Amino acid sequence: MAKVLMKGNEVIAEAAVHAGCKYFFGYPITPQSELVAYMARRLPEVGGLFLQAESEVAAINMVYGAACTGVRVMTSSSSPGFSLKQEGISYLVGAELPAVVVNVVRGGPGLGNIQPAQSDYFQVTKGGGHGDYYTPVLAPSSLQEIVDLTQDAFDMAERYRTPVIVLGDGMLGQMMEPVEFDTLRERTGTSKEWATTGTRGDGERRVISSLDLDADALEARNRKLQKKFAEIKENEVRYETYLTEDAEFIVAAFGTVARIAVNAINQARRQGIKVGLIRPISLWPFPVQPFHETRDNVKAYVSIEMSAGQMVEDVRLAVEGRAPVEFYGRNGGVVPTQEEIFAKIAELAGRVAV
């Protein structure tokens, strides 16, 4: 298929359609409203259903209902609206229902603004709702990667019967780049023997719920979920490294910031500073392996974020005190520039003892 020039929000939507998603329930909020509008036009063309809910709370519960029938379903929002979906996401996890939830992050807290941010990291990686749970989180850094990861998210959701979060930011949602899609194809996915599709009087009654009033039974359910989370941690870690083989300093960054950091790293390399990049693609499960592999030879790490410092905590846990871990970030919708990141790298290299 030829490459087409598209906006990030629309890329997410079209990638979902190519993954076999025919059901979308959502509510417009900047900077992801184009995704909702695109789905409203596109889904009827493929025999699907689009419904603009009366609120984000309604939308996530409609997703729950559709997911019970085994169909591929998605919703999307931006930070304040995503917060409203947390109860429903916890319900989806507890009921073991597959769905894809997109968060195009904007500045906060509160209503904040409509500029790009990464300050929802804690919320998506630590289980933003109630109960002991995690959801896989995929963080693309380009629009072509959005195509791949959005489609992967649907496969992963069905494989583990869990909601999967695709996390972008306002810049990724609004930028335009050429992308290429696979040929639209029917995806069979995994067995749906658990789905409530109706027995028509023949077969066992199927009930899907996250409610269990018996403490021992609920504990057993939680243990089952924890076993599944351990399996996800074992099988679904994703990351990319850049120039880490001889690096004395390493930048940790994801999403849009990682793209900017690559230019700053190249600038630093031209000035003789041996610096590399570790880019987490799965924010949960977090990729500890590349930090383990580099921590004995690296003098210092620095986490660069569009937040007040959230991923830096996971970087420090991964490094386990074997090297200093510093932080540089901008928040409130301010994007760190190449010059700022280079200045932080140069300052760190000049300060840390040889």
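None of these values were measured; they are calculated from a predicted model.

Asker: For this particular structure, what's the right way to read the overall build of the protein chain?
Answerer: Looking only at helices and strands, the protein chain has 13 helices and 14 strands in total. Radius of gyration (C-alpha) of the protein chain: 21 Å, near the 20 Å computed for a compact globule of 354 residues. In the protein chain, buried positions account for 53% of the 354 residues. Partitioning the contacts of the protein chain with sequence separation of at least 6, the portion at a separation of at least 24 is 79%. Accessible area of the protein chain: about 15,100 Å², with a carbon and sulfur share of 50%. Considering the protein chain, the positive charge centre built from 36 side chains and the negative charge centre built from 44 side chains are found 1 Å apart.

Asker: Before we go on, may I ask you to explain the pairing of strand β4 (residues 73-77) in this structure?
Answerer: Here is the key point about a regular strand: its side chains alternate between the two faces of the sheet. Of all 5 residues that make up β4, 5 are buried, and the element is covered over most of its length. Here β4 shows no split at all, with Val73, Thr75 and Ser77 on one side and Met74 and Ser76 on the other all buried. Pairing analysis gives 2 bridges linking strand β2 (residues 23-26) to β4, with the strands arranged parallel. Counted as the bridge partner of Phe24 is Met74 from β4. Across 4 bridges, β4 lies against strand β5 (residues 99-105) in parallel orientation. Bridging across to β5, Met74 finds its partner in Val100.

Asker: Before we go on, may I ask you to explain unusual backbone geometry in this structure?
Answerer: It is generally the case that most residues other than glycine have a negative phi and that most peptide bonds are trans. Residue Thr30 is joined to Pro31 through a cis peptide bond whose omega torsion reads 10 degrees. Mapped onto the elements of the fold, Pro31 is located in the loop between β2 and α2 (33-42). Backbone torsion omega between Gly108 and Pro109 reads 5 degrees, so that peptide bond is classified as cis. Along the chain, Pro109 turns up in the loop between β5 and α6 (121-125). Its identity as a non-glycine residue notwithstanding, Glu96 has a phi of 55 degrees, on the positive side. Structurally, Glu96 can be placed in the loop between α5 (86-95) and β5. One non-glycine residue, Glu320, lies in the positive phi region at around 55 degrees. Among the secondary structure elements, Glu320 is positioned in the loop between α12 (311-319) and β14 (325-329).

Asker: What exactly am I supposed to notice about the packing of aromatic side chains here?
Answerer: Each pair of aromatic rings is reported with the distance of its centres and the angle of its planes. Overall, the coordinates contain 7 aromatic pairs when judged by the stated rule. Here Tyr134 and Trp284 contribute two aromatic rings whose centre-to-centre distance is 4.8 Å and whose plane-to-plane angle is 5 degrees, an arrangement assigned as stacked. Of this pair, Tyr134 sits in the loop between α6 and β6 (137-138) while Trp284 is found in strand β12 (residues 282-284), placing the two residues 150 residues apart along the sequence. Look at Trp284 and you get buried, because its relative accessible area is 7%. A connected cluster of aromatic rings, assembled from ring pairs, spans Tyr134, Phe229 and Trp284. One residue, Arg41, lies across the ring of Tyr38, its end atom 4.8 Å from the ring centre.

Asker: Can you walk me through the sheet that holds β6 in this structure?
Answerer: With mixed pairing, 7 strands are arranged side by side in an open sheet as β3-β2-β4-β5-β7-β6-β12. A single partner strand is all that each edge strand has here, and the edge strands are β3 (49-52) and β12. As paired elements, β2 and β3 share 4 bridges and run parallel to each other. Looking across to β3, one finds that Phe25 is bridged to Leu51. Where α2 meets the sheet, it contacts β2, β3, β4 and β5, and its direction lies at approximately 145 degrees from that of β4.

Asker: Whenever I open this one, the packing of helix α10 (residues 255-270) against helix α13 (residues 338-351) confuses me. Can you help?
Answerer: Describing two packed helices takes the angle between their axes plus the distance from one axis to the other. Two numbers describe how α10 lies on α13: the axes approach to 8 Å, and their chain directions differ by 55 degrees. Relative to α13, the element α10 is oriented oblique. As α10 runs across α13, the sense of the crossing is right-handed. For the pair formed by α10 and α13, the contact residues are Val257, Ile260, Ala261, Asn263, Ala264, Ile265, Gln267 and Ala268 on the first element and Gln338, Ile341, Phe342 and Ile345 on the second. Class assignment of the residues belonging to the contact of α10 with α13 gives a composition of 9 nonpolar, 3 polar and no charged.

Cut-offs used in this document
- Residues numbered from 1 in each chain as written.
- Predicted model: local features only at pLDDT ≥ 70, side-chain atom pairs only at ≥ 80, totals over all residues.
- Heavy atoms only, no water.
- Helix = DSSP H or I, 4+ residues; strand = E, 2+ residues; numbered from the N terminus.
- Rg over C-alpha atoms; globule rule 2.2 N^0.38 Å.
- Buried < 20%, exposed > 50% of the residue type's maximum accessible area, 1.4 Å probe, protein only.
- Contact = heavy atoms within 4.5 Å.
- Areas by Shrake-Rupley, 256 points an atom, 1.4 Å probe, with all protein chains shown as cover.
- Lys, Arg positive; Asp, Glu negative; His and termini not counted.
- Charge placed at Lys NZ, Arg CZ, Asp CG, Glu CD.
- Pairing = 2+ DSSP bridges.
- Phe/Tyr/Trp six-rings, centres within 6.5 Å; stacked < 30°, edge-to-face > 60°.
- Lys NZ or Arg CZ within 6 Å of the ring centre and 35° of its normal.
- Axes fitted to C-alpha atoms, helices over the stretch in contact; angles between N-to-C directions.
- Parallel < 35°, antiparallel > 145°, perpendicular 65-115°, else oblique.
- Left-handed = near helix turned anticlockwise from the far one by under 90°.
- Nonpolar A, V, L, I, M, F, W, Y, C, P; charged D, E, K, R; others polar.

On their own, these measurements won't tell you what the molecule is for.
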